[in-house]
Amino acid sequence: MPPLRLLDRLWEAHEVHRRDDGASLLWVDRHLVHEGSHHAFRKIAERGLSVAEPGLTTAVVDHYAPTRDRGDGGASDDIRAMIQRLEVNAKEHGIRCFDLRNPGQGIVHVIGPEQGLTLPGCLIVCGDSHTSTHGAFGALAFGIGATEVAHVLSTQTVWQVKPKAMRIRFEGELAPGVGAKDMALGWIARLGADGARGHAIEYAGAAVRNLSMEGRMTLCNLSIEGGGRFGMVAPDQVTFDYIKGRRYAPEGAELERALADWAELRTDEDAEFDREEVIDAADIAPVVTWGTSPEDALPIFDSIPDPSRLPEGRAAKVASALDYMGLTAGRPLAGTKVDQVFIGSCTNSRIEDLRAAAQVLAGRKAKVPGTVSPGSMIVKAQAEAEGLDRIFTEAGLDWVGAGCSMCVGMNGDLVPPGKRCASTTNRNFRGRQGPGARTHLMSPAMVAAAAVAGELTDVRDMLKERA
Ligand SMILES: CC(C)[C@H](C(=O)O)[C@@H](O)C(=O)O
Ligand code: SF4
């Protein structure tokens, strides 16, 4: 037997058929749908098709979920209609739905793992690019388009061409105050937003093994921002411990059997990758973005790039990004004033993210306003049980309900034009958080530090003050 990679093992286990042109028809174990699925439901209705496996499909209200008033007054008619459409489609087809009344509601990529729906060895799809998040469990997880959503609804299978395999190894140990978000933005800055284009990324190395499941999810979540098709981490004891006892996770003898299977989900020692990158974790510092692509990222102690020192093509891009962002070339990144902060999104809204932000904010006041939106109502309840909500509100930040919120602003939570937001989200494209909004991506601890300082700052100094 030739040595296999985790990707090969997962692929082979799901391949139902391979076409002459090389595309594989893959069996889907979990199909997650959010409000954006309405085109697909309409498509299957038009063709008189039904949902093949309603029991393997899960609907979630997240992109349009109001985060403040969840009653009838909380959303515009359009937003309410989007939410209702999902609820009606789910009901008609017998699909379980995490709607606004469900105590488990939250962002699709947060609740899949939280509910024990996301498991090692599963093939998971969703009409959403950040589906790569679920790969943190050793699952094959990727985003699909509207036509494919209709295909999965009606057949529980998806066509896919097997991508090339790339491994990013983070060796060594992270410094205190540095986390998964810094690892992710760090490699994207190094390789570029196109750096992993068309590849399935397997994250490995000691610093990845040492990450919690929350950290691994953050890392896999951002794979797509570096051009990767999938992101994955081979499952281990950390994974198994996270899964045990979750609502839809296997239990008893079934769990024992599953654990034995899951232990096989790894890359063989002598397996080769199409590409391999090795990064020394000790070299990673807290990272912030300065531009309008996640690759426009630098360590916080660095300076804003100067187009006059860059090659022509790149210079024009950088100048235009700086213009949009209202930044001066060559100035230090630290000290850039922010107008507001946002802690949330499928990248960084899990309990550990909130704890990291609260650790910085405890006993301190924020100089600027901000919103903290937990990734799910379960994370919200847990944070409240730990008293984190009080730390946020006493610091002066708004503590709101769960959903995509200001990550994309579809629910009306927007950053006003021209305003600068330190944000734990994953995209800083022009207008992403609202028309004219200026987004700086960073870790939850770094956002908390920016809130306290009213400007971009190195959280490690604040943590040192504490120690
Ligand atoms: C709206 C949705 C389809 C979109 C995605 O595909 O990722 C959104 O979640 C995003 O993050 O931009
Ligand atoms: S939180 Fe943001 S990135 Fe994640 S699914 Fe929602 S809109 Fe997309």
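Keep in mind that what you see is a predicted model, and the values were worked out from it rather than measured.

Asker: Break down the overall build of the chain for me, citing the residues and quoting the values.
Answerer: Within the chain one finds 16 helices and 19 strands. For the chain, the C-alpha radius of gyration of 21 Å lies close to 23 Å, the compact-globule estimate for 467 residues. Over its C-alpha atoms, taken along the principal directions, the chain stretches across nearly 55 × 55 × 45 Å. When burial is assessed residue by residue, the chain has 54% of its 467 residues classed as buried. Restricting the contact set of the chain to residue pairs at least 6 apart, pairs at least 24 apart contribute 77%.

Asker: Give me the environment of Arg-309: which residues, what numbers.
Answerer: Mapped onto the elements of the fold, Arg-309 is located in the loop between β14 (297-299) and α11 (312-325). Taking the number of C-beta atoms within 10 Å as the measure of exposure, Arg-309 has 10 and is therefore exposed. On a C-alpha basis, the gap between Arg-309 and Pro-113 in space is 45 Å, while along the polypeptide they are 196 residues apart.

Asker: I'd like a rundown of the site of ligand 2, residues and numbers included.
Answerer: In the neighbourhood of ligand 2, 13 residues make up the surrounding shell, with Ser-345, Cys-346, Cys-404, Cys-407 and Val-408 lying closest. Residues belonging to the shell around ligand 2 are distributed by class as follows: 5 nonpolar, 6 polar and 2 charged.

Asker: Break down the sheet that holds strand β3 (residues 30-33) for me, citing the residues and quoting the values.
Answerer: The parallel open sheet is built from 5 strands, whose spatial order is β5-β4-β3-β6-β7. Looking at strand neighbours, the two that pair on one side only are β5 (96-98) and β7 (140-143), the edges of this open sheet. Direction aside, neighbouring strands of the sheet carry axes that sit 20° apart on average. Relative to β5, strand β4 (residues 57-60) runs parallel, the two being bridged by 3 bridges.

Asker: How would you explain helix α8 (residues 213-221) if you had to name every residue and give the values?
Answerer: For α8, a buried count of 9 out of 9 residues is recorded, marking the element as mostly surrounded by other parts of the structure. Taken residue by residue, α8 has Met-213, Glu-214, Gly-215, Arg-216, Met-217, Thr-218, Leu-219, Cys-220 and Asn-221 as its buried positions.

Asker: Explain the packing of helix α6 (residues 180-191) against α8 residue by residue, including any values.
Answerer: Taken N-terminus to C-terminus, the directions of α6 and α8 make an angle of 20°; their axes are 8 Å apart at the nearest point. One way to sum up the angle between α6 and α8 is to call them roughly parallel. The handedness of the crossing between α6 and α8 is right-handed. Counted together, Ala-180, Lys-181, Met-183 and Ala-184 of α6 and Gly-215, Thr-218 and Leu-219 of α8 form the full contact between these two elements. Split into classes, the residues belonging to the contact of α6 with α8 amount to 4 nonpolar, 2 polar and 1 charged.

Asker: Kindly report on the domain arrangement of the chain, identifying the contributing residues and their values.
Answerer: The domain boundaries assigned to the chain delineate domain 1 (6-163), domain 2 (164-235 + 267-283) and domain 3 (291-466). Each of domain 1 and domain 2 has a C-alpha centre, and the two are 25 Å apart. Contact with domain 1, which involves 17 residues of that partner, is made by 22 residues of domain 2. Among the elements that take part in the side of domain 1 that touches domain 2, β7 stands out by supplying 3 residues, more than any other. Looking at the side of domain 1 that touches domain 2 residue by residue, the classes come out as 10 nonpolar, 7 polar and no charged.

Asker: Outline the pairing of β3, listing residues and values.
Answerer: Where burial is concerned, the two faces of β3 agree: the one with Arg-30 and Leu-32 and the one with His-31 and Val-33 are both buried. Two strands pair when backbone bridges link them, and β3 and strand β6 (residues 123-126) are joined in this way by 3 bridges, in the parallel orientation. Paired with His-31 across the two strands is Val-125, which belongs to β6. Across 3 bridges, the pairing between β3 and β4 is parallel. Residue pairing for β4: His-31 is matched across the bridge by Thr-57. Each parallel crossover has a hand, and for β3 linked through helix α2 (residues 38-46) to β4 it is right-handed.

Procedures and definitions
- Residues numbered from 1 in each chain as written.
- Chains lettered and ligands numbered in written order.
- Predicted model: local features only at pLDDT ≥ 70, side-chain atom pairs only at ≥ 80, totals over all residues.
- Helix = DSSP H or I, 4+ residues; strand = E, 2+ residues; numbered from the N terminus.
- Rg over C-alpha atoms; globule rule 2.2 N^0.38 Å.
- Buried ≥ 20, exposed ≤ 12 C-beta atoms within 10 Å, placed from the backbone.
- Contact = placed C-beta atoms within 7 Å.
- Near = placed C-beta within 6 Å.
- Nonpolar A, V, L, I, M, F, W, Y, C, P; charged D, E, K, R; others polar.
- Pairing = 2+ DSSP bridges.
- Axes fitted to C-alpha atoms, helices over the stretch in contact; angles between N-to-C directions.
- Parallel < 35°, antiparallel > 145°, perpendicular 65-115°, else oblique.
- Left-handed = near helix turned anticlockwise from the far one by under 90°.
- Domains from an automatic or database assignment.
- Right-handed = clockwise from strand over helix to strand, strands pointing away.

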